[in-house]
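Descriptive structure summary
Here are the chains, one letter per residue:
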Amino acid sequence: MAFRPLGDRVLVRRVEEEQKTKGGIIIPDTAKEKPQEGQVIAVGPGARDEHGKVHSLDLKEGDRILFGKWSGSEIKLEGEDLLIMKESDVLGILV
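Along each chain, the written sequence defines residue order, and numbers are assigned to residues from 1. The predicted nature of this model means local features are confined to residues of pLDDT at least 70 and side-chain atom pairs, given and counted, to a pLDDT of 80 or more, with totals for whole chains, interfaces and linings taken over all residues. Computation of side-chain values covers all heavy atoms of the structure but excludes hydrogens and water.

Throughout this description, the term nonpolar core refers to a set of buried Ala, Val, Leu, Ile, Met, Phe, Trp, Tyr and Cys residues connected via side-chain atoms within 4.5 Å. Partly exposed describes any residue whose relative accessible area lies between the buried limit of under 20% and the exposed limit of over 50%, with all areas from a 1.4 Å probe on protein chains only and scaled to the type maximum. One finds Val10, Val12, Val40, Leu57, Leu59, Ile65, Phe67, Leu83, Met85 and Val90 forming the largest nonpolar core, which totals 10 residues. Leaving out residues up to four positions away in the same chain, Val10 has contacts with Pro5, Val40, Ala42, Val43, Leu57, Leu59, Leu83, Ile84 and Met85. Among the nonpolar cores identified, the runner-up in size contains five residues, and Leu11, Ile41, Leu82 and Ile84 belong to it. In this analysis, two residues are considered to be in contact whenever any of their non-hydrogen atoms come within 4.5 Å of each other.

Moving on: the environment of Val43. Along the chain, Val43 turns up in strand β2 (residues 37–43). As a C-alpha pair, Val43 and Glu61 span 18 residues in sequence and 6.7 Å in three-dimensional space. Residue contacts for Val43: discarding those within four places in its chain leaves Pro5, Arg9, Val10, Leu57, Leu59, Lys60 and Glu61. Where helices and strands are cited, they refer to DSSP runs of H or I of at least four residues and of E of at least two residues respectively, numbered from the N terminus.

Our focus in this paragraph is a nonpolar patch on the surface. Together, Leu66, Leu91 and Leu94 make up a nonpolar patch on the protein surface, roughly 280 Å² of accessible area in all. Within the fold, Leu94 resides in strand β8 (residues 90–94). Residue Leu94 is classed as partly exposed on the basis of its relative accessible area, which comes to 37%. Two distance rules govern patches: like charges are joined within 9 Å, and nonpolar side chains (Val, Leu, Ile, Met, Phe, Trp, Tyr) within 5 Å, applied only to residues with over 30% relative accessible area and no salt bridge. To be clear on the numbers: accessible area is Shrake-Rupley with a 1.4 Å probe, and residue cover counts the displayed protein chains and nothing else. For this document, the term salt bridge refers to a Lys or Arg side-chain nitrogen within 4 Å of an Asp or Glu carboxyl oxygen.

Structure, rendered in structure tokens:
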């Protein structure tokens, strides 16, 4: 993919949740919420401090993350729906 985020931004692909519950009930698309879990596809170089020094991000490509429900901006690249968000919108890394 030919896209590189700037500053402290990251490009994220949402991870789709299970189609049915543990009890076997299938959840229709209209009742689903958008997942709040994703995989980092690309990261920017980092944020600059007041002296102009770049501080690299804690995230790296391939990390599975959790983010807030309303975090980021939805974009479409090469026919795929993705999110671009600041590192501060990320709640944590799944290990």
